[in-house]
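Tertiary structure, described
Given next are the chains, with one letter for each unit.
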Amino acid sequence: MTKNYFLPFFILFLFNLSYGQAPPLPPTPQEVKDFKANGNSAAKVIEVKAKSNNKAETPKNTIPKFRISVKESTDKNSIYYFKNIETQIAKLDTLLSEEQIISLTQYKIYTNAIHPKDLDSLANKAYQLNEKKNYSEAIETAKKILIQSPNNITAHKEMAYAYKRLDQNDLSKLHFSMMLKIINSVLKYGDGSRQTPYILNNFFEGLSIYEAKFGCFPKKVTLLLTTEKKLLGGYDCFHIMRFSDLTHWLPSLEEEDYTTEQ
């Protein structure tokens, strides 16, 4: 079930304008046929890639590698000092750089300061509360997410939506702008492919990105442990699969919680 977010097409326009491309097209009938023939299990995930009309063209990965060290996050004199970044986010300061936002996620992951399962539970609750028009409760739930994960996409997204429905437009716009800033930061350092998955705090953030970027709330999701022992969260609409790196969640999961790639 996808909420009717305010200005949804404007969101898509912003993303498309920023990245110079339209969302990937749905698969061809042959691709759908191949998908069904291969089965629908998580171990046989198909990642649909854009096709080039220029056969001589060699695809290039233009996603930069994130190179800010965790040490920078603990240095009080650094612009990446985590406490200062948390303070700026609490003020909904969108002047933060993409690198500062991703450095906070990296720091939280490195220090085991986030618990993906708890965040996912709260995120799903906030989403459902908004669906049921319990906007004030959705805001309070989202605030609990921000205590643990200040740069959480879902928290700011659900708060923006709830404040809009409560006619608190100024707060709605602030959280909406912060959501866009965080998403743009994530997309700068990940394209959702297996090679460069999104850098996220928890699984539900990937659902929020997909809904904002592609206008579709994924119905098919998976957790996949790759042969490289990287845990990927998979999100699929129209058989267009995107991934997030959730390896930090692996220690708290049981083997039956994910599919192991052979």
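Everything numeric here is computed off the predicted structure, so don't read it as measured data.

A look at the packing of aromatic side chains
Per the stated rule, a full pass over the model turns up nine aromatic pairs. Measuring from centroid to centroid gives 6.2 Å for Y135 and Y161, while their planes differ by 70 degrees, and the two rings are edge-to-face. Residue Y135 is located in helix α7 (residues 135–148), and its partner Y161 is located in helix α8 (residues 153–165); the two are separated by 26 residues in the primary sequence. By the burial criterion, Y135 is buried, and Y161 matches it. A connected cluster of aromatic rings, assembled from ring pairs, spans Y81, F82 and Y107. Cation over ring: K213 sits above F214, and NZ or CZ is 5.5 Å from the ring centre.

Overview of the pattern of salt bridges
Oppositely charged side chains can pair when the atoms bearing their charge come close. Considering all chains together, one arrives at six salt bridges under this definition. For K188, the salt bridge is made with E99, and the minimal N-O distance between the two is 2.7 Å. Residue K188 is found in helix α9 (residues 169–188), and its partner E99 is found in helix α5 (residues 98–110); the two are separated by 89 residues along the sequence. For K188, a relative accessible area of 31% gives the class partly exposed. The exposure class assigned to E99 is buried, which follows from its relative accessible area of 15%.

As for the state of the cysteines
One pass over the structure, following the stated rule, counts one disulfide. Disulfide pairing is shown between C216 and C237; the S-S distance is 2.0 Å. Judged by the sign of its S-S torsion, about -80 degrees, the bond between C216 and C237 is left-handed. Taken together, the residues span a long stretch of sequence, with C216 in the loop between α10 (203–214) and β2 (220–225) and C237 in strand β3 (residues 231–237) at a distance of 21 residues. C237 matches C216 in its accessibility class, with the two residues each being buried.

Regarding the confidence of the model for the protein chain
For any part of a model where pLDDT is low, the fine detail of the predicted coordinates should not be relied upon. For the protein chain, the mean per-residue pLDDT works out to 82, and 77% of the residues sit at or above 70. Across the protein chain, α7 holds the top mean pLDDT of 98, while helix α2 (residues 29–38) sits lowest at 40. The low-confidence segment residues 5–59, where pLDDT is below 50, has 74 contacts with residues more than four positions distant or belonging to other chains.

A look at the environment of T226
Among the secondary structure elements, T226 is positioned in the loop between β2 and β3. Apart from the residues within four sequence positions on either side, T226 is in contact with R194, L232 and E261. Side-chain polar atoms of T226 contact the side chain of E228, separated by 3.1 Å.

Overview of the nonpolar core
One finds I153, L223 and L231 to be the most contacted residues of the largest nonpolar core, which totals 64 residues. With eight residues, α9 is the largest single contributor of residues to this core. Apart from the residues within four sequence positions on either side, I153 is in contact with M179, I182, I183, V186, L200, E205, S208 and I209.

Section: a negative patch on the surface
A grouping of E254, E255, E256 and D257 is seen on the molecular surface, where their side chains present a negatively charged patch. Mapped onto the elements, E254 comes out in the loop between β4 (240–245) and β5 (259–260). Judged by its relative accessible area of 48%, E254 is partly exposed.

Points about the side chain of S244
Turning to its location among the elements, S244 is positioned in strand β4. At a separation of 2.8 Å, a polar atom in the side chain of S244 contacts the side chain of Y235. The contact partners of S244, leaving out residues within four places of it in the chain, are P197, Y198, L200, L231, L232, G233 and Y235.

Regarding the pairing of β3
Burial analysis of β3 places seven of its seven residues in the buried class, the great majority of the element. With burial as the criterion, each face of β3 is covered, one bearing L231, G233, Y235 and C237 and the other bearing L232, G234 and D236. As defined by bridge partners, β3 adjoins β4 across six bridges and the pair is classed as antiparallel. Within the sheet, the bridge partner assigned to G234 lies in β4 and is F243. Between β3 and the antiparallel strand that follows it, β4, lie two residues; F238 among them carries a positive phi value of about 55 degrees.

About the cut-offs
- Residues numbered from 1 in each chain as written.
- Predicted model: local features only at pLDDT ≥ 70, side-chain atom pairs only at ≥ 80, totals over all residues.
- Heavy atoms only, no water.
- Phe/Tyr/Trp six-rings, centres within 6.5 Å; stacked < 30°, edge-to-face > 60°.
- Helix = DSSP H or I, 4+ residues; strand = E, 2+ residues; numbered from the N terminus.
- Buried < 20%, exposed > 50% of the residue type's maximum accessible area, 1.4 Å probe, protein only.
- Lys NZ or Arg CZ within 6 Å of the ring centre and 35° of its normal.
- Salt bridge = Lys/Arg side-chain N within 4 Å of Asp/Glu carboxyl O.
- Disulfide = S-S within 2.5 Å.
- pLDDT = per-residue confidence, 0-100.
- Contact = heavy atoms within 4.5 Å.
- Polar contact = N/O pair within 3.5 Å; in protein donor to acceptor, adjacent residues only side chain to side chain.
- Core = buried A, V, L, I, M, F, W, Y, C linked by side-chain atoms within 4.5 Å.
- Patch = residues over 30% accessible without salt bridge, like charges linked within 9 Å, V, L, I, M, F, W, Y side chains within 5 Å.
- Areas by Shrake-Rupley, 256 points an atom, 1.4 Å probe, with all protein chains shown as cover.
- Lys, Arg positive; Asp, Glu negative; His and termini not counted.
- Charge placed at Lys NZ, Arg CZ, Asp CG, Glu CD.
- Pairing = 2+ DSSP bridges.

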